Every structure is written in structure tokens, then in C-alpha cells.
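The primary structure of each chain is shown beneath.
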Amino acid sequence: MDSHKTDALYERFPHLYRERTAPLKSSKMGWGFQCEDGWHKIIYEMSKKIEKISNDGEFAPAITEVTKNEDGTLHVEARNITPPIADLITAAQEASRLTCELCSYSPAYLRGPGSSQEGHIACGRCVGKAEGQHTPRKSRRPKKPLRAPDTIIIKR
Ligand SMILES: [Zn+2]
């Protein structure tokens, strides 16, 4: 996610994302939001709902990692969660399943091998745009990288 959107989340929910400055060995939040900009709204809404039912003490929920599952959906890990908060995280994951990771359009779905957006949940427009379907050219442009350079993917 780009730094502007990342900072907006940190500024709006400083306590929920307080582990953003924690050492990476105790929290992965230092990596930032490891997904594209299209899911900003899903993460924002989830954070807002979590904050609403949380206090701001030491044992309040803290998000420790935002990355992606094997199936391309949003993956969120948190500390000090209660069942209602776990439900909010699950709801965000389910919303991501049909939401374009790049532009937030819905419906979108996971793109497989051979797609310009392999591994991303992407709408038809973003797939077509990356493949240049609508602007055919004689000389092929160099392929764009599939991910923004500031996105770091951790394999585990
Ligand atoms: Zn899209």
C-alpha cells in the first residue's frame, strides 16, 4: 500500500497499529500493509469497527500483521482479540475475496497463472489494463512489474 494511505491509517488508528514501530521479531506490522491500495477501504472500515468496541489501554487489540493468504485474500493478525473482533477480521477477509486489490472494484476474483495479475484478486479492468488489451500496439512495451516496488511480500 502506498505510504500516503498507510500513514492515513496509522494517524486515524494510532493505538490499534501501535506495533508499527515494534521490532520485526515481535510484530510484522513494521512491514506496513502488504497489499495494494484497493483494499484500503476494507482495512479502514475494519479498523474503525474494531476501535469502536475497544478501550485504549495496554490490553486493547493491536494489529500485528497485514498480509495476504495463500488464496489471495486479506490476512490480518492481531493480539488481545475477542470473538467480536475476530468476526470483524473474518468479515474483512471475506470482503477482500470479491474486491479488486488494485482499484477496489467489485466483483473481482483471484487471478491464476497466465494472468497479468497472478496472485492478486483483480477486476477485469485491471487485468485488461495491465495486459494492454484496450490499447494494442505494434511494439510491445516492457512489462510492468506486477507489484509496486514498495510492496514487500513475505513468504512463510
Ligand atoms: Zn480493479
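Before reading on, note that the structure itself is shown above.
Given the structure is predicted, the values throughout are model-derived calculations rather than measurements.

Draft legend 1. Representation of the overall build of the protein chain within the structure. Of the regular secondary structure elements, the protein chain holds four helices and four strands. Shown N-terminal to C-terminal, the secondary structure of the protein chain runs as helices and strands in the order α-α-β-β-α-β-β-α. Across the 156 residues in the protein chain, those meeting the buried criterion constitute 28%. Long-range pairs, those at least 24 residues apart, make up 52% of the contacts in the protein chain between residues at least 6 apart in sequence.

Draft legend 2. Fine view of the pairing of strand S2 (residues 74-79). For strand S1 (residues 62-68) and S2, the ladder comprises six bridges, and the chain directions are antiparallel. The residue of S2 that forms the bridge with Glu-65 is Glu-77. In textbook terms, the turn of a hairpin is the stretch between consecutive antiparallel strands, and for S1 and S2 this stretch comprises five residues, one of which, Gly-72, has a positive phi near 85°.

Draft legend 3. Just the environment of Tyr-17, in detail. Tracing the backbone through its elements, the reader meets Tyr-17 in the loop between helix H1 (3-12) and helix H2 (40-52). In this structure Tyr-17 comes out as buried when scored by C-beta crowding, with 22 C-beta atoms within 10 Å. In this structure, the C-alpha to C-alpha distance between Tyr-17 and Gly-30, residues 13 residues apart in sequence, is 9.6 Å.

Draft legend 4. Molecular detail of unusual backbone geometry. For the bond running from Ser-106 to Pro-107, omega is 10°, close enough to zero to count as cis. Relative to the elements of secondary structure, Pro-107 occurs in the loop between helix H3 (83-96) and strand S3 (109-110). One non-glycine residue, Asn-80, lies in the positive phi region at around 60°. Structurally, the position occupied by Asn-80 is in the loop between S2 and H3.

Draft legend 5. Here's a closer look at the nonpolar core. In terms of nonpolar packing, the biggest core is built from 20 residues, with Ile-43, Met-46, Ile-63 and Ala-92 touching the most fellow members. Secondary-structure elements contributing two or more residues to this core are H2, S1, S2 and H3. Setting aside its immediate chain neighbours within four residues, Met-46 contacts Leu-88, Ile-89 and Ala-92. Membership of the second largest hydrophobic core comes to seven residues, among which are Cys-100, Leu-102, Ala-108 and Ala-122.

Draft legend 6. Fine view of the packing of H2 against H3. Contact pair H2 / H3: the axes reach a minimum separation of 10 Å and the direction vectors enclose 170°. Here H3 runs roughly antiparallel to H2, going by the angle between their axes. Seen along the crossing, H2 lies across H3 with a hand that is right-handed. Between H2, through Ile-42, Ile-43, Met-46, Lys-49 and Ile-50, and H3, the contact on the second element is made entirely by Ile-85, Leu-88, Ile-89, Ala-92, Ala-95 and Ser-96. Here the residues of the contact of H2 with H3 are counted per class, giving nine nonpolar, one polar and one charged.

Basis of the calculations
- Residues numbered from 1 in each chain as written.
- Predicted model: local features only at pLDDT ≥ 70, side-chain atom pairs only at ≥ 80, totals over all residues.
- Helix = DSSP H or I, 4+ residues; strand = E, 2+ residues; numbered from the N terminus.
- Buried ≥ 20, exposed ≤ 12 C-beta atoms within 10 Å, placed from the backbone.
- Contact = placed C-beta atoms within 7 Å.
- Pairing = 2+ DSSP bridges.
- Core = buried A, V, L, I, M, F, W, Y, C linked by C-beta atoms within 7 Å.
- Axes fitted to C-alpha atoms, helices over the stretch in contact; angles between N-to-C directions.
- Parallel < 35°, antiparallel > 145°, perpendicular 65-115°, else oblique.
- Left-handed = near helix turned anticlockwise from the far one by under 90°.
- Nonpolar A, V, L, I, M, F, W, Y, C, P; charged D, E, K, R; others polar.

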